[in-house]
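Commentary on secondary and tertiary structure
What follows is each chain in one-letter form.
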Amino acid sequence: MTTVRERLQADAAPPDAEAAAALAAGRRRWLLLAPALVVLVLAASGPLLVVLAYSFLTPGTFGGVRWELSAEGWFRVFFARDIFDPETVRLNHAHASIFWRSVSLAFQTTVICALLGFPTAWFIANRPERTRAVWLFVITIPFWTNLLIRTFAIQEVIRNEGLVNSVLMALGLIQAPIQMLYTDFAILVGMAYVFLPLMVLPLYAAMDRLDPRLLEAAYDLYASRVRVLWHVVLPLVKPGLIAGSILVFIPSIGAYVTPRVLGGGRNLMLANLIELQFGQGRNWPLGAALAVTLLVIVLFALFVYLRFASKDEDPRRA
Amino acid sequence: MAADGTADVETRARRDGAAAGGTAEIEIVGLTKVFGRGSEAARALDEVNLTVRRGEFFTLLGPSGCGKTTLLRMIAGFEQPTRGAIRIDGRDVAGLGPNRRPVNTVFQSYALFPHMTAAENIGFGLRMLGRPRREVEAKVAEMLRLVRMEPMANRRPAAISGGQQQRVALARALAPRPRVLLLDEPLSALDLKLRKEMQGELKRLQAETGITFVFVTHDQEEALTMSDRIAVMDRGRILQVGSPRAIYDRPADRFVADFIGDTNFLEAVVVRSVGDAATVRLPSGAVRAASVPEGLAPVAGGRVTVVVRPEHAALAEDGELVGVVEEAVYFGTDTHLHVRLDTGGRFTLRRQNMAGDHAPEPGAAVTIRIAESGLRVLRP
Amino acid sequence: MRERGFSIARIPGFGVVAALTFFLLYLPIVTLVVFSFNEAASLSRWGGFSLHWYETAFRNAQVRDVAWRSLWLATVAAGLATTLATMAALATTRTSRFKGQTMIYALINQPLMVPEIVTGVALLIVFAAIRVQTGYYGMGYLVLAHTAFCIPFAYLPIRARLETMDLTLERAAADLYASPWQVFRTVTLPLLLPGIVAGFMLAFVISLDTVVITEFVKAAGQDTLPTWMLGQLRRQVTPELNAIATVFLMLSVLAVTVFFILSRRRP
């Protein structure tokens, strides 16, 4: 509405009225934006600042905080004090291992998604025009269905009495069920399963824009299939691969439901550790500091991506 | 390569061979391509037979959709024939992928690798062939020199002009020294001035390398000026193969005559026919000699179409055709006169402008004389 | 004479991996759906076809309660988010650059970038304080949290639609004496409607999907279907859960299909 009126007025108005019209248009724009911004500030961005503030406060006895400044929350993210001698400080090994597990699992998830997603995206991008949209739809359907339901579905398949073990035992390949549920492997499988479409979609977008003449040119110049893949396809779809990797890595490192359900509460990831501080741990400042740390990791990944993406000018536009 | 004495001799030998009928570089036998299936099937190529001689500049000419690009893509190995065979240098290439055929392509869109520099693009084929690094470097330098692109060696395609991209594409396809270079309307993206320049450049490169060129275009002028021989195509068939002069002066059928140059068609009746000559009676009653396409023996008394090029006719005191000027279009060096004939139909002739003379105005009655050997009988 | 086709797109092994991917992607879902029809209480041994577990789920008052709350919340939050996103999209598209544009985009898309767990604990902290101050313990918190989270999902398709719309249509309407409001109501809105519906569908599915934020924001007795299921997973699971999951699966698929069809239609 604003834009229409704004443009109409700009057309009709004499030059001296232009400034006034622009001012009115600006006011209308902010009026239209205001409700969304209020909601977002109130329930998305604002609370993040509160988390940052809480990370510097003192834990309350039964959860919550006391309004006393303290660096203890941040200190505890990285270090632990000896129970008997609080002056003895050592690295917090429990936290370090959870950090490591989170980064490592997120990284492995990204690699698995890339290995499965690349050929899948290639397959879809090379379907005839008419059926391509359908294939894309088929790959996105699981993504839009409830994350918890999908995680539950994975749980059923890899349980000791689940489909995989039943089939393997029926085939006589194993005598006793393989314990897969409640292991890091289960978390890995679950996350790869859940986040795979996030890898396929940007890869597909990049491959869809790939000029088939370039592949023909490469074959014409004596390249084998593997070399075409390595020297032509891969460099040209790299932006899509990076985008997909970021899209998978970020939710993986912050995953909460998958490690909780498939890791069985023993194999924690960062998100579970954070939750623990707000629940049984009753250490909100530590939880807040951990949350900020996770956010920093994610923002760092995004930052690297943006630097990477802007520096490496889009070669397909050449 | 041009500096290399032996290559030069070889080149000359090849060109002499081509001129004398030469050995076959590409032989195409009964080539048919059908796209799609059932009711949607479309015949892109229909029983094409063709021989391209070693070292010649061969052009496939025709309107868009005539099958010329399909034919080129089948020689390159991007498309598989439905029926028929392709032999390159005597060897049947059926089943060989494009990476195993001794031909290279210059694409219409150039298809330069956007993530590689000009030099890397040019060296790509040699690297894929596994040539030693030093050889690749030397060859790339030579190619850059050949297409005069040394200063742009380290630029990416996005950072050079269309004409320069064109040169890089050429150098890239020539670098592995293929037996045959396939060019798919490589000049169509260039503006007129650059296109003229590149036409000369292409001829020079072909002469210097002695490689057989198969050139696809829909531009008849381009085909006439550049080719040793031309194949005119329409709707998946080859209508006529011959030198530019033969194609222009002695078109085989109406399509070829119409597609190449401006043409006048006249209905005529065959009076007498012997071998490749005939006499025909024009609508005005005048009886004239006309040339006849090979293998066509018109029956006396039969109706035929004859063709006259605009420059093979002139205004005269006395001539075969009489009419009234409808329109006179001034072209600087000459004037095109559109004449309505008294016997019906239109006739266009080209009249050179001389200092101080005046072309007839519209409405003027004129008599047209057709030059000796200016008449050609067409295949029905 | 017939040759084997040379396809530039063929890369050895890729077809197999793609087939495997599609298989793995659907295996768990299909298993889930199949065992929802199991006569037996087992999730791995087939005991014959039955709608027994659907009946059980439907009779379960708790399930009805949480399912109803989920749908209600998704409808309200998606409705609000779509309204706000439409207004925001109208304000931010088809204009020249304005001051604060980058900040606004960042703000709108922020829920997409921040891990849900961080948003969850942030809301837990803020809402806990508000609860203590105001004594209000209602559904407002969940509605607010879900609305904010859904705004970017509603915003994207609406903005995409707006950007492809022909501005001259609106000028033509204005030229024919329509007031700005009439232009909006008779031209802009009808043209934008597929985008708005698509945005709503997406927001609806996202709200229905949200577990972590709900888990941290909900008060006692405010379980939605996902948080209730999350609690159930710790116990011995029966095909009743499969039946519930299947119903919600179908609901999501339906919404996404509508979204898919609408977003493919060109203006």
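The numbering scheme is per chain: residues are counted from 1 as the chain's sequence reads. Each chain is given a letter, starting from A, and each ligand a number, starting from 1, according to the order in which they appear as written. In keeping with the predicted nature of the model, local features appear solely for residues at pLDDT of at least 70, side-chain atom pairs appear and are counted solely at 80 or more, and the whole-chain, interface and lining totals rest on all residues. The basis for every side-chain value is the complete set of heavy atoms in the structure, and neither hydrogens nor water enter the calculation.

1. What to know about the sheet that holds strand E18 (residues 346-352) of chain B
Residues and elements named next belong to chain B. The pairing criterion for strands is at least two bridges between them, as found by DSSP. Secondary structure elements are taken from DSSP: a helix is a run of H or I of four residues or more, a strand is a run of E of two residues or more, and numbering for both begins at the N terminus. With respect to topology, five strands assemble into an open sheet ordered E15-E19-E16-E17-E18, the strand pairing being antiparallel. Here the strands that pair on one side only, and so sit at the sheet edges, are strand E15 (313-315) and E18. Strand-to-strand, the axes of this sheet are offset by a mean angle of 45°, without reference to chain direction. Pairing geometry for strand E16 (residues 321-330) and strand E17 (residues 334-341), over seven bridges, is antiparallel. Bridged to Glu327 within E17 is His338. Axes, fitted as lines to C-alpha atoms, cover a helix only where it is in contact. Angles between the N-to-C directions of the axes lie from 0 to 180 degrees.

2. Things to note about the interface of chain B and chain A
Should any heavy atoms of two residues lie within 4.5 Å, those residues are considered in contact. Between chain B and chain A, the contact holds 29 residues from the first and 20 residues from the second. Buried surface at the junction of chain B and chain A, both sides included, amounts to about 2,000 Å², of which 66% is carbon and sulfur. Each salt bridge in this description consists of a side-chain nitrogen of Lys or Arg and a carboxyl oxygen of Asp or Glu lying within 4 Å of one another. We note a salt bridge from Glu216 of chain A to Arg73 of chain B, for which the minimum N-O separation is 2.6 Å. What qualifies as a polar contact is a pair of N or O atoms within 3.5 Å, subject to a donor-acceptor requirement within protein and to the restriction that residues adjacent in sequence count only when both atoms come from side chains. Summed over the shared surface of chain B and chain A, the number is eight residue pairs in polar contact (both at pLDDT 80 or more). Among the elements of the structure, helix H2 (68-76), strand E6 (103-106), helix H3 (118-128) and helix H5 (162-174) of chain B are those that each provide at least two residues to the side of chain B that touches chain A. Taken together, the residues of the side of chain B that touches chain A break down into 18 nonpolar, six polar and five charged. Buried area: the sum, over both parts, of the accessible surface (1.4 Å probe) that disappears when the two are put together. In this classification, the charged set is Asp, Glu, Lys and Arg, the nonpolar set is Ala, Val, Leu, Ile, Met, Phe, Trp, Tyr, Cys and Pro, and all remaining amino acids, among them Gly, are polar.

3. Description of helix H6 (residues 192-209) of chain B
All names here are of chain B. Over its 18 residues, H6 runs 26 Å from end to end, which matches the ideal 26 Å to within 8%, given 1.5 Å per residue. Buried, partly exposed and exposed residues are distinguished by accessible area as a fraction of the type maximum, computed with a 1.4 Å probe on protein chains only: under 20%, between the cut-offs, and over 50%, respectively. Looking only at H6, the buried set comprises Met198, Gln199, Glu201, Leu202, Leu205, Gln206 and Thr209. Two residues or fewer after H6 comes Gly210, characterised by a positive phi angle close to 70°. To estimate the expected span of a helix, count its residues, drop one, and scale the result by 1.5 Å.

4. Describing the packing of helix H3 (residues 61-92) of chain C against helix H8 (residues 180-209) of chain C
All names here are of chain C. For the pair H3 and H8, interaxial distance at closest approach is 8 Å and the crossing angle is 140°. When the axes of H3 and H8 are compared, the pair comes out oblique. When you trace H3 past H8, the crossing you get is right-handed. Each of Ser70, Leu71, Leu73, Ala74, Thr75, Ala77, Ala78, Gly79, Thr82, Thr86 and Leu90 in H3 lies in contact with H8, whose residues at this interface are Phe184, Thr188, Leu192, Ile196, Gly199, Phe200, Ala203, Phe204, Ser207 and Leu208. Roughly parallel covers angles under 35 degrees, roughly antiparallel covers those over 145, roughly perpendicular covers 65 to 115, and oblique covers all other angles. The handedness criterion is simple: a crossing whose near helix is rotated anticlockwise from the far helix by less than a right angle is left-handed, and one whose near helix is rotated clockwise is right-handed.

5. Side note on the confidence of the model for chain B
All names here are of chain B. With 94% of its residues at a pLDDT of 70 or more, chain B shows a mean pLDDT of 87. Looking across chain B, the model is least confident in helix H1 (residues 5-19), with a mean pLDDT of 43, and most confident in strand E3 (residues 57-61), with 96. In predicted models, pLDDT denotes the confidence assigned by the predictor to each residue on a 0 to 100 scale. In the predicted structure, residues 1-20 sits below a pLDDT of 50 and forms 25 contacts with residues beyond four places in sequence or in another chain. For this predicted complex, the interface score ipTM comes out at 0.86, while the overall pTM is 0.82.

6. Remarks on the sheet that holds strand E9 (residues 229-234) of chain B
Residue and element names in this part refer to chain B. Judged by pairing direction, the sheet is mixed, and its six strands sit side by side in the order E6-E7-E8-E3-E9-E10 without closing on themselves. The two strands at the open ends of the sheet, each matched to only one other strand, are E6 and strand E10 (237-242). Recorded for the sheet is a direction-independent mean angle of 20° between the axes of neighbouring strands. The pairing of E3 with strand E8 (residues 212-217) spans five bridges and is parallel. Within E8, the residue paired with Thr59 across the bridge is Phe215. Against the sheet, H5 engages E6, strand E7 (180-184) and E8, with an angle of about 175° to E6. This element, H6, spans E3, E7 and E8 of the sheet and lies at about 160° to E8.

7. With respect to the domain arrangement of chain A
Where interface size is quoted, it is often the accessible area lost as the parts come together. Residue and element names in this part refer to chain A. Either an automatic procedure or a domain database provided the assignment from which the domain bounds are taken. Per the domain assignment, the segments of chain A are domain 1 (15-89) and domain 2 (95-317). Domain 1 and domain 2 are separated by 30 Å when their C-alpha centres are compared. Across the contact, 18 residues belong to domain 1 and 14 residues belong to domain 2. Overall, the association of domain 1 and domain 2 removes approximately 1,300 Å² of surface from exposure, summing both partners, and the carbon and sulfur fraction of that is 77%. When the buried area of domain 1 at its contact with domain 2 is split by residue, Trp74, Arg76 and Val77 rank highest and sum to 32% of it.

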